[in-house]
Amino acid sequence: MPADSLPSSTILVTGGAGFIGSAFVRMLVHRTEATVVTVDKLTYAGNLDSLAPVATSPRHRFERVDICDEGALRQLFDQYHPAAVVHLAAESHVDRSIDGPAEFVNTNVVGTFTLLETARHYWQALPAAERADFRFLNVSTDEVFGSLGPEGHFREDTPYQPNSPYAASKAGSDHLVRAWHRTYGLPILTTNCSNNYGPYQFPEKLIPLMILNALEGKRLPVYGIGENVRDWLFVDDHAAALWKVLHHGRPGETYCVGGNSERRNVDVVRAVCDTLDELLPDPEGPRERLIHFVKDRPGHDGRYAIDAGRIERELGWTPTHDFESGLRHTVQWYLDNRDWWERVRSGAYRGERLGLGTAAMAAAGLKTTS
């Protein structure tokens, strides 16, 4: 896609009210000239408050649409005539996929198929120049690759070995996207990212859950003994990477995006405690006392780590935050934005640890979801 063709065009972002999606939408509106159409079903993790900073922009539109609704998608494409689609809409939490996999298959596989077919028919009807410039960016996860041993990193050519219903549904989505490129020529790009963190993240995820529980003096549930390792990527760095791939990536190619910040889960929780203790000391003492080890979840992958060398070499992207600076920024944001997370927590979700099954959760002394 020519470098000067995209900034003033319309970009359709599915899942744009979610955590990563809203970060990408905010970046587009604040840092480019693009018109952005946010498409989101507004399930539990979709939050219009996350789009508040761009809600009044004349270059932002919001459409509440389910990506499984083919008719509604066709209307969006006809109405907005996008130059690109960035596909982030997904059920995205491993624990929830263990307790209820059907919705993950429906949204992540059937929804992706429906979006691909809608995009394909729209793209095939475009004039030749617009057809050549059109892009479909599929945003995926490193969890499709399975689990690493103590050495090595995931790369673009790593075989898929998903171990959870969530990962399997995302792997299925990725395979559909690849097939629509190879079979129909749809100009597809795919990214596989490591664990994201940062402002506006739904509080069932590890880092915000630990921040909010620690602020409230609650237990900090850590699976097993906390030895599982993840590579942590600050969400604004991820948004910048997606822009690079959309702008300069080669159709048909995949780019792995990581933060170069491997940490054991227990060390992440301790870092959250230490940062909170520094920024807002607890009269009861260091918050590390709240760490509570719980029964491990089924199929819990041991280690993820991304080799992001390709996107650095070919597209010039590197993360600008190390884990310490990104975590400090994140903790401070949650301290400064109590209204946001209190509104999120006013719904059905109360910060319980998901993915254990009701019997295991009861044994661990944790409230179960209804």
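Residues numbered from 1 in each chain as written. Predicted model: local features only at pLDDT ≥ 70, side-chain atom pairs only at ≥ 80, totals over all residues. Heavy atoms only, no water.

A.B. asks: Lay out unusual backbone geometry with the relevant residues and their values.
C.D. replies: Of note in this structure, Leu42 is not a glycine but carries a positive phi near 60°. Note that Leu42 resides in the loop between strand E2 (35–40) and strand E3 (60–64). With a phi angle near 70°, Tyr200 is a residue other than glycine that sits in the positive phi range. Position of Tyr200 among the secondary structure elements: in the loop between strand E7 (195–197) and helix H7 (206–215). (Helix = DSSP H or I, 4+ residues; strand = E, 2+ residues; numbered from the N terminus.)

A.B. asks: Help me get a handle on the layout of surface pockets, residues and values and all.
C.D. replies: Roughly 330 Å³ of volume is contained in the second largest pocket. Residue lining of the second largest pocket: 18 residues in total, with Tyr160, Asp174, Arg178, Gly252 and Thr254 positioned closest to the centre. Counting only elements with at least two residues in the lining of the second largest pocket, the list comes to helix H6 (165–184) and strand E6 (188–193). Ranked by residue count, the leading element in the lining of the second largest pocket is H6, at six residues. Class assignment for the residues of the lining of the second largest pocket results in five nonpolar, eight polar and five charged. (1 Å grid on protein atoms, 1.4 Å probe; cavity = no way out; pocket = protein on both sides within 12 Å on 5 of 7 lines; lining within 4 Å. Points joined across faces, edges and corners; volume = space filled by probe spheres on them. Nonpolar A, V, L, I, M, F, W, Y, C, P; charged D, E, K, R; others polar.)

A.B. asks: Pulling in residues and values, what's your account of the sheet that holds strand E4 (residues 84–87)?
C.D. replies: The sheet built from seven strands is open, its strands ordered E3-E2-E1-E4-E5-E6-E10 with parallel pairing. Either end of the sheet is taken by a strand with one partner, and the two such strands are E3 and strand E10 (254–257). Between one strand axis and the next, the sheet turns through 20° on average, direction left out of account. Here helix H8 (residues 235–248) sits on the sheet and contacts strand E1 (10–14), E4, strand E5 (135–141), E6 and E10; the angle it forms with E5, its principal contact strand, is near 145°. (Pairing = 2+ DSSP bridges. Axes fitted to C-alpha atoms, helices over the stretch in contact; angles between N-to-C directions. Contact = heavy atoms within 4.5 Å.)

A.B. asks: Residue-level account of the sheet that holds strand E9 (residues 229–234), with values.
C.D. replies: An order of E7-E9-E11 is seen for the three strands of this open sheet, with the pairing classed as mixed. At either margin of the open sheet sits one strand with a lone partner, and together these are E7 and strand E11 (262–264). Direction aside, neighbouring strands of the sheet carry axes that sit 50° apart on average. Bridge analysis of E9 against E11 gives three bridges, and the strand direction is antiparallel.

A.B. asks: Got a sec to walk through empty space enclosed by the protein? Specific residues and values, please.
C.D. replies: One pass over the full model with this rule turns up three cavities of 30 Å³ or more. Estimates place the volume of the second largest cavity at around 50 Å³. Taken together, Ala17, Gly18, Phe19, Ala45, Asn47, Ser50, Tyr200, Gln201, Phe202, Trp340 and Val344 form the lining of the second largest cavity. Among the residues forming the lining of the second largest cavity, the class breakdown is seven nonpolar, four polar and no charged.

A.B. asks: Provide a residue-level description of helix H12 (residues 338–345), including the pertinent values.
C.D. replies: Within H12 the residues assigned to the buried category are Trp340, Trp341, Val344 and Arg345. All buried residues of H12 fall inside an arc of 125° around its axis, so they share one side. Elements that come into contact with the buried residues of H12 comprise H7 and helix H11 (323–336). (Buried < 20%, exposed > 50% of the residue type's maximum accessible area, 1.4 Å probe, protein only. Arc of directions from axis to C-beta.)

A.B. asks: Describe the side chain of Ser50, naming the residues involved and giving the relevant values.
C.D. replies: As for its placement among the helices and strands, Ser50 is situated in the loop between E2 and E3. Beyond its immediate sequence surroundings of up to four residues, Ser50 is in contact with Ala17, Ser22, Arg26, Tyr200 and Trp340.

A.B. asks: An account of the pairing of E4 is requested, with residue identities and associated values reported.
C.D. replies: Burial along E4 is two-sided: Ala84 and Val86 facing one way and Val85 and His87 facing the other are all buried. Judged from the four bridges that link them, E1 and E4 form a sheet pairing that is parallel. Residue pairing across strands places Ile11 opposite Ala84, the latter belonging to E4.

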